[in-house]
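# Analysis of the macromolecular model
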Amino acid sequence: MPLMYGAQSEGRRDDETMRRFRHDRFGQFIHWGLYSIPAGSWNGVTYDYAAEFLPQSAGIGPARWAGLVDDFAAPEFDPEAWASLAADLGARYVTVTAKHHDGFCLWPSSLTDFTVAATPRGRDVIGELVHAYTARGIAVHLYYSVLDWHHPDWRYAISSSQDEEAFDRYLSYAGEQLRELATRYPNVRGFWFDGTWDESVKANGRWSWEIECMLKRLIPGAIVNSRLRADEHGARHRDSNGALMGDYFSGFERRLPDPWDRTVTAEDWEACVTIPQNSWGYHAGAEVARTHKHPLELLEQLVQAVSLGGNLLLNFGPRGDGSFAPFEKDVVHTLGAWLETNGACIYGCGPADGWDYPGWGYYTADAETGAVYAVVTRIPVSGAIALQLPERTRVRNATAVATGRPVPFAVRDDRTVRFEVDRASVIPLAFALEVEQRDDTAEQPEVNPDL
Ligand SMILES: COc1ccc([C@@H]2N[C@@H](C)[C@@H](O)[C@H]2O)cc1
């Protein structure tokens, strides 16, 4: 059907900025704001829901919530230390909350006084972070919530002409804030929109179209996630013709596609995940802490995302004082150390065509060289893994990515090779496979079916 405000482009973007985003594969999400101070508790009551939703959980109105501005002193906030942490994690980009649903702005916006400028130290958090990350070669995307609990003209739905006039004022405010962000911080790489599910926003597809046009005019090549967009019929992420809006699908939140779901490889996508089961802002509650994922679970999510052609955006919620909690530093050390020696199977990689999900781990392939990687995340009881080869494919040799040492394998039949895996191996264990297309007229590989 003809659309005025549908997808602005067809298919994958193939410009340098998007190729870099695709190559990066691994990003760090940062949720930091007023909600980081109470960290899930209010007036002595702990609410086990997401910490950034505390105003909703505890029924705190905007005026009382705004009282936290005076407590946002953030004595431990050190942008260079945050950038070093991201580098140690192995993240190639960072997405930072410039404004979350509570409407508090981490930059000194001229459009409102509900910003860091009103805090005791008045620092331009976004400006200092953009500088620090960029100086370390880490790209920055700015998270912006269209949903705004603080702004008096915000409406969840439009049910009167007064609502319409108010919400039009709100959308003008949000549009001017976005212009301000793109103008103040022109070297950010992208914008990550959230809070766009309400009827009021879905009814304003033209506004979302115009915002995407404006941001890409102000910052040529800027990358925008699919959550910004609605078309004129209220379709989100994909327009009414099914075309992806924005530059990558960003509907996977605290979940990934099924590891065998190759349909997702048709487009760029990013999954955002948390370390606790469900809190993006720092939550100090013991019950929430009980549900933190093990670092290796998060590492497996990264490998799984890459095996399906996606990026992983792993969230960290710094504490109200600007420091990171010990459990987050554990994640940084575990993932950073593994990526230091195994990054070849992640950065610049994507799905390995023809290599089906094996169950014991994931296959990735270098998008440039075609090199195939087998990444073992669970060792079968047999102590061996069997690789089902694509048609007319032969494995010439295999090396352990972390050490570069050759790895012996047995050819079981013309479609199966088998690796013995040392149970003491560091998991995930990545093998680099040198494969070649086999000319069927050539001699068949020597097979040993008893293996
Ligand atoms: C269940 O509804 C929501 C609504 C918003 C969110 C927000 N999206 C994540 C990326 C975080 O910012 C979270 O607060 C999560 C769940």
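Before any of the text, the structure's been laid out above.
Below or above, wherever it landed, is the structure these notes cover.

Conventions adopted
Residues numbered from 1 in each chain as written. Predicted model: local features only at pLDDT ≥ 70, side-chain atom pairs only at ≥ 80, totals over all residues. Heavy atoms only, no water. Helix = DSSP H or I, 4+ residues; strand = E, 2+ residues; numbered from the N terminus. Expected span 1.5 Å × (residues − 1). Buried < 20%, exposed > 50% of the residue type's maximum accessible area, 1.4 Å probe, protein only. Contact = heavy atoms within 4.5 Å. Pairing = 2+ DSSP bridges. Axes fitted to C-alpha atoms, helices over the stretch in contact; angles between N-to-C directions. Near = heavy atom within 4 Å. Polar contact = N/O pair within 3.5 Å; in protein donor to acceptor, adjacent residues only side chain to side chain. Areas by Shrake-Rupley, 256 points an atom, 1.4 Å probe, with all protein chains shown as cover. Disulfide = S-S within 2.5 Å. Phe/Tyr/Trp six-rings, centres within 6.5 Å; stacked < 30°, edge-to-face > 60°. Parallel < 35°, antiparallel > 145°, perpendicular 65-115°, else oblique. Left-handed = near helix turned anticlockwise from the far one by under 90°. Nonpolar A, V, L, I, M, F, W, Y, C, P; charged D, E, K, R; others polar.

All right, on to helix α10 (residues 295-307) then. Given 3.6 residues per turn, any residue in an α-helix points the same way as the ones three and four places further on. Its 13 residues give α10 an end-to-end C-alpha distance of 19 Å, which sits within 8% of 18 Å, the value for a rise of 1.5 Å per residue. Where burial is concerned, most of α10 is hidden: 11 out of the 13 residues are buried. Within the span of α10, buried status applies to Pro295, Leu298, Leu299, Glu300, Gln301, Leu302, Val303, Gln304, Ala305, Val306 and Ser307. Residue Gly309 follows α10 closely and has a positive phi angle near 75°.

A few words on the side chain of His100. Looking at the secondary structure, you find His100 in the loop between β4 (93-99) and α5 (125-135). Taking relative accessible area as the criterion, His100 reaches 4% and is therefore assigned buried. When residues no more than four places from it in sequence are discounted, the contact partners of His100 are His31, Tyr35, Glu52, Tyr143, Ser145 and Leu147.

Here we come to the sheet that holds strand β9 (residues 269-273). If you trace the 8 strands from one edge of the open sheet to the other, you get β7-β6-β5-β4-β1-β10-β9-β8, paired in parallel fashion. Of all strands in the sheet, those with a lone pairing partner are β7 (223-224) and β8 (249-253), marking the two edges. Of the pairings in the sheet, the one linking β9 to strand β10 (residues 310-316) comprises 5 bridges and is parallel in character. Its bridge partner being in β10, Val273 is matched across the sheet by Leu314. Lying over the sheet, helix α11 (residues 326-342) contacts β1 (26-30) and β10, oriented at roughly 150° with respect to β10.

Right, let's get into the site of the ligand. In the neighbourhood of the ligand, 13 residues make up the surrounding shell, with His31, Glu52, His100, Asp194 and Glu253 lying closest. At 2.7 Å, a side-chain N or O of His31 approaches an oxygen atom of the ligand. In this structure, His100 approaches the ligand through a side-chain N or O atom, which is 2.8 Å from an oxygen atom. Contact with the protein chains hides 78% of the accessible area of the ligand, taken as 400 Å² for the molecule alone.

Our next topic: the state of the cysteines. Overall, the coordinates contain 0 disulfides when judged by the stated rule. For the unlinked cysteine Cys345, the closest cysteine sulfur is that of Cys349, found at 6.5 Å. For Cys345, a relative accessible area of 0% corresponds to the buried category.

Scanning the model with the defined rule gives 32 aromatic pairs in all. Aromatic pair Trp154 and Tyr170: ring centres 5.5 Å apart, planes at 90°, arrangement edge-to-face. With Trp154 in the loop between β5 (139-145) and α6 (161-184) and Tyr170 in helix α6, this residue pair connects regions lying 16 residues apart in the sequence. The burial state of Trp154 is the same as that of Tyr170; both residues are buried. Seen in terms of ring centroids, Phe419 and Phe431 are 4.9 Å apart; in terms of plane orientation they differ by 15°. Their pairing is stacked. Here Phe419, found in strand β17 (residues 416-420), pairs with Phe431, found in strand β18 (residues 429-437); they are 12 residues apart in sequence, far enough to count as distant.

Glancing now at the sheet that holds strand β13 (residues 372-376). Picture the strands of a sheet paired through backbone hydrogen bonds; they go either parallel or antiparallel. A sheet is described by the order of its strands in space; here 5 strands give the open sequence β11-β12-β13-β18-β15, paired in antiparallel fashion. Across the chains shown, the open sheet's two edge strands, defined by having one partner strand only, are β11 (349-350) and β15 (393-400). Where β15 meets β18, 7 bridges bridge the pair, whose relative direction is antiparallel. Paired with Ala400 across the bridge in β18 is Phe431. Docked against the sheet, α10 engages β11, β12 (361-366) and β13, running at close to 55° with respect to β12.

The geometry of α6 relative to helix α8 (residues 205-218) is characterised by a closest axis approach of 10 Å and an angle of 15° between their N-to-C directions. With respect to each other, α6 and α8 are oriented roughly parallel. In this structure, α6 meets α8 at a crossing whose hand is right-handed. Side by side, α6 and α8 meet where Leu171, Ala174, Gly175, Leu178, Arg179, Ala182 and Thr183 of the first sit next to Trp207, Ile211, Met214, Leu215 and Leu218 of the second. Tallied by class, residues from the contact of α6 with α8 come to 9 nonpolar, 2 polar and 1 charged.

Inspection of the secondary structure puts Val146 in the loop between β5 and α6. Taking C-alpha positions, Val146 is 8.1 Å from Val201, a pair spaced 55 residues apart along the chain. Setting aside residues up to four positions removed in sequence, Val146 forms contacts with Lys99, Trp154, Tyr170, Phe193, Asp194, Gly195, Thr196, Val201 and Trp207.

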